[in-house]
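# Topology and contacts: notes
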Amino acid sequence: IVEDALASAATLRRASRAHVAVQGTGADGLRLTVDDDGRAASSESQQAREQALQVLAYRARLLGGELAIATSPLGGLRLALQAAVPRQSAGASTV
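The following paragraphs examine the structure supplied in this document. On a predicted model such as this, the values are computed, not experimentally measured, just so you know.

What counts and what doesn't
Residues numbered from 1 in each chain as written. Predicted model: local features only at pLDDT ≥ 70, side-chain atom pairs only at ≥ 80, totals over all residues. Heavy atoms only, no water. Helix = DSSP H or I, 4+ residues; strand = E, 2+ residues; numbered from the N terminus. Buried < 20%, exposed > 50% of the residue type's maximum accessible area, 1.4 Å probe, protein only. Areas by Shrake-Rupley, 256 points an atom, 1.4 Å probe, with all protein chains shown as cover. Pairing = 2+ DSSP bridges. Axes fitted to C-alpha atoms, helices over the stretch in contact; angles between N-to-C directions. Contact = heavy atoms within 4.5 Å. Core = buried A, V, L, I, M, F, W, Y, C linked by side-chain atoms within 4.5 Å. Arc of directions from axis to C-beta.

What follows is about the overall build of the protein chain. A count of helical and extended segments in the protein chain gives two helices and four strands. Listing the helices and strands of the protein chain from first to last along the sequence gives α-β-β-α-β-β. Every one of the 95 residues in the protein chain was classed for burial, and the buried ones make up 28%. When the accessible surface of the protein chain is split by element, carbon and sulfur atoms take 51% of a total near 6300 Å².

The next point concerns the sheet that holds strand β1 (residues 18–25). What the four strands build is an open sheet, ordered β1-β2-β4-β3; its pairing is antiparallel. Sheet topology places β1 and β3 (66–71) at the edges, where each strand pairs with a single neighbour. Between one strand axis and the next, the sheet turns through 15° on average, direction left out of account. Pairing of β1 with strand β2 (residues 29–36) involves eight bridges; the strand directions are antiparallel. By the bridge assignment for β2, H19 is matched with D35. Strands β1, β2 and β4 (77–84) of the sheet are contacted by helix α1 (residues 2–11), whose axis makes an angle of about 15° with β2.

A few words on the nonpolar core. With twelve residues, the main nonpolar core is built from A5, L32, V34, L53, L56, A57, A60, L67, L77, L79, L81 and A83. When residues no more than four places from it in sequence are discounted, the contact partners of V34 are A5, L6, H19, V20, L77, R78 and L79.

Let us look at unusual backbone geometry. In this structure, R14 is a non-glycine residue whose phi angle is positive, near 55°. Relative to the elements of secondary structure, R14 occurs in the loop between α1 and β1. R14 sits in the exposed class, given a relative accessible area of 54%.

Our next topic: the pairing of β3. Inspection of the sheet shows β3 paired to β4 by six bridges, in the antiparallel sense. Residue pairing across strands places T71 opposite L77, the latter belonging to β4. Adjacent in sequence and paired antiparallel, β3 and β4 are bridged by five residues, among which G75 carries a positive phi angle near 105°.

Taken residue by residue, α1 has A5, S8 and A9 as its buried positions. Along the axis of α1, the buried positions cluster into a sector of 100°, meaning they face one direction only.

Written out as structure tokens, the structure is:
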């Protein structure tokens, strides 16, 4: 999600700056925020931008989360993902 959000900011909105923040929320929650300073898309790239946002929202739902889209303090878009992080049992490993 982060990689796609940054790629969209750079290619579709011509952002020159982006900020990524990850915060724990409660015992097992996660909030991921991607802010950029990109410009509004031209009418030609508007469809591509909307499609990219739909894909990001779909991926957020696959994680059991929700994606919110707002104006960024940097002047572009803010994409904020709120999701639960599954707990691992003791001794479990990830590869």
